[in-house]
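Coordinate analysis (summary)
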Amino acid sequence: MTRTPNTVRRPAGPGATTEPRLAEQLAAADLVVVGSGFYGLTVAERVASQLGRRVVVLERRSHLGGNAWSEREPETGIEVHRYGAHLFHTSNQRVWDHVRQFTEFTGYQHRVFSVSKGQTYPMPINLGTINQFFGRHLGPEQARALVREHAAEIDPDQVTNLEDKAISLIGRPLYEAFVRGYTEKQWQTDPRELPAEVISRLPVRYTFDNRYFSDRYEGLPVDGYAAWLQRLATHALVDVVTDVDFFDVRALVPAGVPVVYTGPLDRYFDFGEGRLSWRTLDFEQEVLPIGDFQGCPVMNYADPDVPWTRIHEFRHFHPEREHPADRTVVVREYSRSAEAADEPYYPVNTAADRAVLARYRERAAAEPDVYFGGRLGTYQYLDMHMAIASALTTVDNVLTPRLTRTAVVAVQA
């Protein structure tokens, strides 16, 4: 059993981070992209394939793809998402058409269950959850009436934080059972200190539909995330250099070459306005000598006395594949506040963070020829489809005019 804390790997100086060709690659670049997650790779692929410009992607880790990277567990051959489960879903037709140039998708539909006080319930909260929790047989209107009765404790117009928002939506009993303890573990923050909009990611349904997402399109890449990400980086005009920290080699980027930066926003400015609060994740992976551990891909644990937030069993993400009948891979996920050496995952976004963020955004807007994007670069929670949509928009509205203008000036000169 392996417990993996996601600490930042920082190579020691330029000599340790770069191959001899890096200076030459950067000198020939029309665009430098910092970070090879979906945002960065989408930008790189579009600029190369649509504009014919040479792009160098700098990646601090030893693999491309950011947190979406997946790999086969060597003992079982089961594909494991190294940095937690990634589920692709979107209702954006442009994004769907775009991603299918690089991968086909399975028909997977994400369904989650939650353990609360020794009982297992379907999530997100739906008619089945409500009936089971209250020990009743309620139709949709009866369930709505019951929840409204409990939710009346909080005036929706007076909501100021996550706890108030949750209670105004589902009432205190359901909030205490399924949301409070889980949120405290997930964010390492009192729910009363978190913004109300965080809870909008947890839908409440008055039907027995227990699909986690309601988007038009949903699925997992047929060949896995690693294959999809690698295909994004195969264009002849895209060079991906791994094991290199941008801050060790930024002096090698020629003047006049634009940079798309997708790393932590506060790190770019050397924390000059203070540190933003981030949440990080640790993972404990284990191969078990059984064919099936929990019967579903993800099981949440809502009680605060259980240290992990959820358990992933990755064989269930691809039931169409052949897996060992006598072994399975489970990964326990732990959430905590990120410290200086940790990999930042999600913005906490307290009121204090938003004040710091406003100062960083002013500095970012004034930074010449640097464009900030992605989850870390904008300090926003972005699902994969949102990051891809944002990247496509950046290419259309920002990078195409910028790089086309450069080309025109060069021709005129």
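Residues numbered from 1 in each chain as written. Predicted model: local features only at pLDDT ≥ 70, side-chain atom pairs only at ≥ 80, totals over all residues. Heavy atoms only, no water.

A short note on the packing of aromatic side chains
Where we set the bar: Ring geometry is summarised as follows: Phe, Tyr and Trp rings, the Trp one being its six-membered ring, pair when their centres sit within 6.5 Å, and such pairs are stacked at plane angles under 30 degrees, edge-to-face over 60 and tilted between the two. Numbered from the N terminus, helices here are DSSP runs of H or I no shorter than four residues, and strands are runs of E no shorter than two. Burial status follows relative accessibility: with a 1.4 Å probe on protein chains alone, a residue under 20% of its type maximum counts as buried, one over 50% as exposed, and anything between as partly exposed. Cation placement over rings: the criterion is NZ of Lys or CZ of Arg within 6 Å of the ring centroid and within 35° of the ring normal.
This model, assessed by the stated rule, comprises 30 aromatic pairs. Plain terms: the ring middles of Tyr121 and Phe178 are 5.0 Å apart, the flat faces sit at 80° to each other, and that makes the pair edge-to-face. Placement of the pair is Tyr121 in strand S8 (residues 119-123) and Phe178 in helix H7 (residues 162-187), with a sequence separation of 57 residues. Across the pair, Phe178 and Tyr121 agree in class, each one buried. Here Trp308 and Tyr334 contribute two aromatic rings whose centre-to-centre distance is 6.3 Å and whose plane-to-plane angle is 85°, an arrangement assigned as edge-to-face. One end of the pair, Trp308, is in the loop between strand S13 (298-301) and strand S14 (310-313); the other, Tyr334, is in strand S15 (residues 328-337), and 26 residues separate them in sequence. Residue Trp308 is classed as partly exposed on the basis of its relative accessible area, which comes to 21%. Among the aromatic residues, those joined into a cluster by ring pairs are Phe38, Phe88, Trp96, Phe105, Tyr217, Tyr225 and Trp228. Its end group placed over the ring of Tyr268, Arg250 keeps NZ or CZ at 5.0 Å from the ring centre. One Lys or Arg, Arg275, reaches over the ring of Phe271 and ends 3.7 Å from the middle of that ring.

Focus on the packing of helix H5 (residues 127-134) against H7
Here is the rule: In this analysis an axis means a line fitted to C-alpha atoms, helices contributing only their contacting stretch, and an angle means the value between N-to-C directions, from 0 to 180 degrees. An angle below 35 degrees is read as roughly parallel, one above 145 as roughly antiparallel, one from 65 to 115 as roughly perpendicular, and any other as oblique. Contact between two residues is taken to exist if any of their heavy atoms lie within 4.5 Å; hydrogens are not considered.
Direction vectors running N to C along H5 and H7 enclose 100°, while the axes themselves pass 12 Å from each other. One finds that H5 runs roughly perpendicular with respect to H7. When H5 is examined against H7, the residues Thr129, Ile130, Phe133 and Phe134 are found in contact with a partner set consisting of Pro173, Leu174, Ala177 and Phe178.

Re the packing of helix H3 (residues 38-51) against helix H8 (residues 225-232)
Where H3 contacts H8, the axes come no closer than 9 Å and their chain directions differ by 35°. Contacts between H3 and H8 involve Phe38, Leu41 and Glu45 on the former and, on the latter, Tyr225, Trp228, Leu229 and Leu232.

Focus: the pairing of S13
Note the threshold: The criterion for strand pairing is that DSSP finds at least two bridges linking the strands in question.
Side chains Val298 and Asn300 project from S13 onto one buried face, and the interleaved Met299 and Tyr301 project onto a second face that is buried too. Judged from the four bridges that link them, strand S7 (residues 112-116) and S13 form a sheet pairing that is parallel. Looking at S13, one finds that Val112 is bridged to Val298.

Here's the deal with the side chain of Arg279
Formally: Counted as positive: Lys and Arg. Counted as negative: Asp and Glu. His and the chain ends are not counted at all. Salt bridges are defined by distance alone: a side-chain nitrogen of Lys or Arg within 4 Å of a carboxyl oxygen of Asp or Glu. Here a polar contact is recorded for every N or O atom pair within 3.5 Å, except that within protein the pair must consist of a potential hydrogen donor and a potential acceptor, and residues adjacent in sequence are included only if both atoms are side-chain atoms.
Mapped onto the fold, Arg279 is located in strand S12 (residues 278-288). With no salt bridge to any partner, buried Arg279 finds its closest opposite charge in Glu333, at an N-O distance of 5.1 Å. In terms of polar contacts, Arg279 uses its side chain to reach the backbone carbonyl oxygen of Gln186, at 2.9 Å. A distance of 2.9 Å separates the side chain of Arg279 from the side chain of Ser335, its partner in a polar contact. When near neighbours in sequence (up to four residues on either side) are disregarded, Arg279 contacts Gln186, Trp187, Ser335, Arg336, Ala338, Glu343, Pro344, Tyr345, Tyr346 and Val348.

Observations regarding unusual backbone geometry
A negative phi angle characterises most non-glycine residues, just as the trans form characterises most peptide bonds. In this structure, the amide linkage connecting Met123 to the following residue, Pro124, adopts the cis form with an omega of 0°. By secondary structure assignment, the location of Pro124 is in the loop between S8 and H5. Residue Lys117 is not a glycine yet carries a positive backbone phi of 50°. Looking at the element boundaries, Lys117 is found in the loop between S7 and S8. Of note in the backbone geometry, Asp243 takes a positive phi value of approximately 60° without being a glycine.

Digging into the nonpolar core
Our working definition: Definition of nonpolar core: a set of buried residues of the types Ala, Val, Leu, Ile, Met, Phe, Trp, Tyr and Cys, connected through side-chain atoms within 4.5 Å. The split into domains, and so the bounds of each, comes from an automatic or database assignment of domains.
Residues Val32, Phe38, Leu58, Phe88 and Trp228 are the most contacted members of the largest nonpolar core, which totals 93 residues. Element by element, the count of residues in this core is highest for H7, at 10 residues. Summarising the domain contributions, this core has at least three residues from each of domain 1 (1-110 + 222-271 + 351-412) and domain 2 (123-198). Those residues in contact with Phe38, other than ones at most four positions away along the chain, are Ala68, Tyr225, Trp228, Leu229, Leu232, Met384 and Ile388.

With respect to the domain arrangement of the protein chain
Domain parsing of the protein chain yields domain 1 (1-110 + 222-271 + 351-412) and domain 2 (123-198). In this structure, domain 1 and domain 2 have C-alpha centres spaced 36 Å apart.

With respect to the sheet that holds strand S11 (residues 259-261)
An order of S10-S3-S2-S11-S17 is seen for the five strands of this open sheet, with the pairing classed as parallel. The outermost strands of the open sheet, each flanked by one partner alone, are strand S10 (238-241) and strand S17 (370-372). For this sheet the average axis-to-axis angle between neighbouring strands, irrespective of direction, equals 20°. Pairing between strand S3 (residues 55-58) and S10: four bridges, direction parallel. Residue pairing for S10: Leu58 is matched across the bridge by Val241.

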